[in-house]
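# Descriptive structure summary
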Amino acid sequence: SKDRYRDFSGGLKANYDFNIMSNLEVAYTFDQYDKSDYLTSYKYDVRDYSNVQHSVRALYNYTFNDKNILTVGGDYMRDYLLSYQFTNNGSYTMHSADAFGQFDWNPTEHFNVISGVRFDYFSQSNVRHISPHIGLMYKIANCSLRSSYSQGFRSPTLKEMYMNFDMANAMMIYGNPDLKSETSHNFSLSAEYTKNRYNFTVSGYYNLVNDRIDLTSFRDTDGRWAQLYINTEKVDIAGVDINASAKYPCGLGIRVSYGYLHEFMRDGQMKFSSTRPHSATARIEYGKSWDNYQFNLSLNGRALSKVETNKYVGNNPDEGTTGVTYPGYTMWNLTLTQGIWKGVSLNMAVNNIFNYVPSYYDANSPYTRGTNFSIGLALDVDRFFRK
């Protein structure tokens, strides 16, 4: 047998301007993705996966006083999924719909408010949910101050609810039709300063996450290891991001960033997340361009701190858990793009220039065996044939 993959997609969109202040957009899209086994001896095609989606959207905008914008709209999607990962190659159909409204209010040239609300409905999980959002921005000279609150929401997918899949006779993966939807409350504050060639941004956030959908491991009835989709315990996540950049007329550009993230674990709650608390990136580039000649040289670096977490012994919760530490590391890459002729450029890269190799490979280590070099040619067809 041979694997056969097919995808059919298409769409239609219409726009209508009632006047300079209001317009309506209506769109329809179709997508069908199939996978099958083609039996060459019998010239027979056995389809074992088919995902068919019909989507409709409507969006209406109205502008008040040339500066305040009201947006309302809605979506509907019929999602059909037949899969070998379901019991007896079964199929399910999900109908989902949403309606939303947003108002972009600009009372002064220095103050902006964006508020909105969204309603979601999912047929298979029988979920109805309302999600609000509000964002404020105030400008003082070269500084912009922002704050926002939004409620996050995600309904479980058909696979997460109904999967019954034997993965290469090594383990089973089970869906859970009783899954609850993920919800969260997200708060953020930020300040941005821009002047001439300099930009500086600092932002902080605090997220309260409920019923996050994840996989847990257990012993199946036949003694095999299996995984089941579940809703995890509540977790609070806080973080800070800092970014600074500069761009000079000579062609030199610099950008650095730093991020800190902390997960608040409740009493008795064990940490399994392998998210690293500290991370930083840096980019230095220099480039020039003339008529049909240009070059750009960039150095990119990334640093990640170590993280201490837990994992199941042998991927089996019956054997208990153990603490594990993933060491921190730094990776640097050097890239040169050299224009040769109009539309033709030579690209060279040296990845992991300091030859970092992890002491052991795991899910949280970089997949590198040391420094490597690559070279290639790129052709911009539009520029190549332009007179």
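Preceding block: the structure.
This write-up is about the structure you can find in this document. What you are looking at is a predicted structure, and each value in this text was computed from that prediction instead of being measured.

Among the nonpolar cores identified, the biggest contains eight residues, and these are Tyr49, Leu81, Phe86, Met94, Phe122, Leu158, Met161 and Tyr162. No other element matches helix 1 (residues 158-162), which puts three residues into this core. In this view, Met161 contacts Gln124, Ser125, Pro156, Gly175, Asn176 and Pro177; residues no more than four positions away in its chain are not counted. Formed by seven residues, the second largest nonpolar core is a distinct cluster that contains Met163, Met171, Ile173 and Leu179.

A surface patch of nonpolar side chains, amounting to about 530 Å² of accessible area, comprises Tyr193, Phe200, Val202, Val240, Ile242, Tyr258 and Tyr260. Along the chain, the position of Tyr260 falls in strand 16 (residues 252-264). Its relative accessible area of 30% is what places Tyr260 among the partly exposed residues.

Bringing the side chain of Gln32 into the picture now. Tracing the chain through its elements places Gln32 in strand 2 (residues 22-39). For Gln32, a relative accessible area of 18% puts it in the buried group. Within the structure, Gln32 has its side chain in polar contact with the side chain of Asp34 (distance 2.9 Å). Leaving out residues up to four positions away in the same chain, Gln32 has contacts with Arg6, Asp7, Phe8, Arg47, Ser50, Asn51 and Val52.

Turning to its location among the elements, Glu285 is positioned in strand 17 (residues 278-289). Within the structure, the side chain of Glu285 is placed 3.1 Å from the side chain of Arg283, a separation counted as a polar contact.

In this section: the sheet that holds strand 10 (residues 171-174). Read across the open sheet, the four strands follow the order 9-10-14-13; overall the sheet is mixed. Every other strand in the sheet has two partners, leaving strand 9 (164-167) and strand 13 (213-219) as the edge strands with one partner each. The average undirected angle you get between the axes of adjacent strands in this sheet is 25°. One ladder, built from four bridges, connects strand 9 with strand 10; its direction is antiparallel. Across the sheet, the residue bridging to Phe165 is Ile173, located in strand 10.

Let's shift gears to the pairing of strand 12 (residues 198-210). Sheet analysis places strand 11 (residues 182-195) next to strand 12, joined by 13 bridges and oriented antiparallel. Across the sheet, Ser184 pairs through a bridge with Val209, a residue of strand 12. The turn joining strand 11 and strand 12, which pair antiparallel and follow one another in sequence, is formed by two residues; a positive phi near 55° is taken by Asn196. Bridging between strand 12 and strand 15 (residues 235-247) involves twelve bridges; their strand directions are antiparallel.

Using the criterion set out here, one finds 16 aromatic pairs in the structure. Note on Tyr49 and Tyr84: the rings are 6.3 Å apart at their centroids and 55° apart in plane angle, and the pair reads as tilted. Here Tyr49, found in strand 3 (residues 44-64), pairs with Tyr84, found in the loop between strand 4 (68-83) and strand 5 (91-108); they are 35 residues apart in sequence, far enough to count as distant. Residue classification places Tyr49 among the buried residues on the basis of a relative accessible area of 9%. On the accessibility criterion, Tyr84 (29% relative accessible area) is partly exposed. Geometrically, the ring pair formed by Tyr206 and Phe264 is tilted, given 5.8 Å between the ring centres and 35° between the ring planes.

Now for the pattern of salt bridges. Scanning all chains against the criterion turns up eleven salt bridges. In this structure, the salt-bridge partner of Arg118 is Asp98, at a minimum N-O distance of 3.2 Å. Separated by 20 residues along the polypeptide, Arg118 in strand 6 (residues 111-122) and Asp98 in strand 5 bring together distant segments of the chain. Note that Glu308 is salt-bridged to Lys306, the shortest N-O span being 3.8 Å. Each of Arg4, Arg6 and Asp45 takes part in one network of salt bridges that share partners.

About the criteria used
- Residues numbered from 1 in each chain as written.
- Predicted model: local features only at pLDDT ≥ 70, side-chain atom pairs only at ≥ 80, totals over all residues.
- Heavy atoms only, no water.
- Core = buried A, V, L, I, M, F, W, Y, C linked by side-chain atoms within 4.5 Å.
- Buried < 20%, exposed > 50% of the residue type's maximum accessible area, 1.4 Å probe, protein only.
- Helix = DSSP H or I, 4+ residues; strand = E, 2+ residues; numbered from the N terminus.
- Contact = heavy atoms within 4.5 Å.
- Patch = residues over 30% accessible without salt bridge, like charges linked within 9 Å, V, L, I, M, F, W, Y side chains within 5 Å.
- Areas by Shrake-Rupley, 256 points an atom, 1.4 Å probe, with all protein chains shown as cover.
- Salt bridge = Lys/Arg side-chain N within 4 Å of Asp/Glu carboxyl O.
- Polar contact = N/O pair within 3.5 Å; in protein donor to acceptor, adjacent residues only side chain to side chain.
- Pairing = 2+ DSSP bridges.
- Axes fitted to C-alpha atoms, helices over the stretch in contact; angles between N-to-C directions.
- Phe/Tyr/Trp six-rings, centres within 6.5 Å; stacked < 30°, edge-to-face > 60°.

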